[in-house]
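Now for the letters of each chain:
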Amino acid sequence: RKEVEQDPGPFNVPEGATVAFNCTYSNSASQSFFWYRQDCRKEPKLLMSVYSSGNEDGRFTAQLNRASQYISLLIRDSKLSDSATYLCVVSPSYGKLTFGQGTILTVHP
Amino acid sequence: GAVVSQHPSWVICKSGTSVKIECRSLDFQATTMFWYRQFPKQSLMLMATSNEGSKATYEQGVEKDKFLINHASLTLSTLTVTSAHPEDSSFYICSAGTSGGYNEQFFGPGTRLTVL
């Protein structure tokens with residue numbers, strides 16, 4: 001079993017749509033959780049950290065369920081510029097990041 | 001945010017040559033740097049963790065004699081791919097962590113290596 005598993009995608013949605021990504025992780029001792037986005041042939045960039053209480057940043061909402069070892073990302077009112085690969089990232093120990101395989105999102109006009 | 005640079009951004013070399021990739025933290029001191037590799041349509045895989053002034057810690061399956069890592073200062077780490085072969089062609093990305101207690105890494109722009 002992979003350490004971090006994500007929806008395989010790809011997701012193709014129209015502008016303005018709401019889209020949700022899911023992720024599960026296998027190491028119950030994991031300490032930190034993140035969503036990164038990666039544009040084609042670029043480095044990953046931190047989108048947001050994920051906390052047990054849930055957190056929101058504009059159109060993006062992230063949730064963490066430690067009991068189910070499940071992480072989600074919700075994007076509301078999708079923009080063309082949201083098209084990217086979204087990486088679920090788990091930190092099993094301080095400083096070490098484990099990446100999911102990524103979910104490709106394409107937002108079309 | 002913190003800035004990390006990598007050089008070169010892309011390199012094409014012949015099989016059997018060695019390639020050195022530099023990773024620099026430009027506006028902060030990075031006590032720890034990480035080296036990742038990403039093959040097409042796959043996610044980033046951690047290769048090694050590099051701490052300033054000490055030997056790097058390699059992930060299982062990564063040959064330390066093939067991927068030489070040097071972290072001589074708080075702002076520079078280098079990865080040398082020795083005797084590169086076509087199967088080493090990949091996107092190599094470094095990241096740097098700060099020591100402030102917040103578990104965030106800042107990624108360099110990556111180096112695309114093609115071995116002919």
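Shown above is the structure to which this text applies.
So, here is what we can say about the structure in this document. Just so you know, these numbers come straight off a predicted model, no measurement behind them.

### Topic: the overall build of chain A
Secondary structure summary: chain A contains zero helices and eleven strands in total. Written out in order from the N terminus, the α and β elements of chain A read β-β-β-β-β-β-β-β-β-β-β. Its C-alpha atoms give chain A a radius of gyration of 13 Å, near enough to 13 Å, the size a compact globule of 109 residues would have. Referenced to the eigenvectors of the C-alpha coordinate spread, the extents of chain A come out at roughly 40 × 30 × 20 Å. For chain A, the proportion of its 109 residues judged to be buried stands at 48%. Contacts spanning at least 24 positions in sequence make up 56% of the contacts within chain A whose residues lie at least 6 apart. On chain A, roughly 5,200 Å² of surface is accessible, and the fraction owed to carbon and sulfur atoms is 50%.

### Considerations on the interface of chain A and chain B
The interface is formed by 21 residues belonging to chain A together with 19 residues belonging to chain B. Linking chain A with chain B are one salt bridge, by the criterion used here. For Glu59 of chain B, the salt bridge goes to Lys96 of chain A, with nearest N and O atoms at 3.0 Å. Those elements giving two or more residues to the side of chain A that touches chain B turn out to be strand E4 (32-38), strand E5 (44-49), strand E9 (84-93) and strand E10 (96-99) of chain A.

### A closer look at the nonpolar core
With 25 residues, the main nonpolar core has Val4, Trp35, Phe67, Leu79, Tyr92 and Leu113 of chain B as its most contacted residues. Mapped by element, the contributors of at least two residues to this core are strand E2 (10-13), strand E3 (19-25), strand E4 (32-38), strand E5 (45-51), strand E7 (67-73), strand E8 (76-81), strand E9 (90-97) and strand E11 (111-115) of chain B. Excluding residues within four positions of it along the chain, Leu79 of chain B makes contact with Val19, Lys20, Ile21, Trp35, Phe67, Leu68, Ile69 and Tyr92 of chain B. In terms of nonpolar packing, the next biggest core, distinct from the first, is built from 23 residues, Leu64, Leu73, Ile75 and Tyr86 of chain A among them.

### Section: unusual backbone geometry
Residue and element names in this part refer to chain B. Residue Pro8 is bonded to the preceding His7 through a cis peptide linkage, with omega at 0 degrees. Mapping Pro8 onto the fold places it in the loop between strand E1 (4-7) and E2. Although it is not a glycine, Lys41 sits at a positive phi angle of roughly 65 degrees. With respect to the secondary-structure elements, Lys41 resides in the loop between E4 and E5. Exposure remark for Lys41: the relative accessible area of 85% places this residue in the exposed category. The backbone of Ser83 sits at a positive phi, close to 45 degrees, despite the residue not being glycine. On the secondary structure map, Ser83 appears in the loop between E8 and E9.

Analysis parameters
- Residues numbered from 1 in each chain as written.
- Chains lettered and ligands numbered in written order.
- Predicted model: local features only at pLDDT ≥ 70, side-chain atom pairs only at ≥ 80, totals over all residues.
- Heavy atoms only, no water.
- Helix = DSSP H or I, 4+ residues; strand = E, 2+ residues; numbered from the N terminus.
- Rg over C-alpha atoms; globule rule 2.2 N^0.38 Å.
- Buried < 20%, exposed > 50% of the residue type's maximum accessible area, 1.4 Å probe, protein only.
- Contact = heavy atoms within 4.5 Å.
- Areas by Shrake-Rupley, 256 points an atom, 1.4 Å probe, with all protein chains shown as cover.
- Salt bridge = Lys/Arg side-chain N within 4 Å of Asp/Glu carboxyl O.
- Core = buried A, V, L, I, M, F, W, Y, C linked by side-chain atoms within 4.5 Å.

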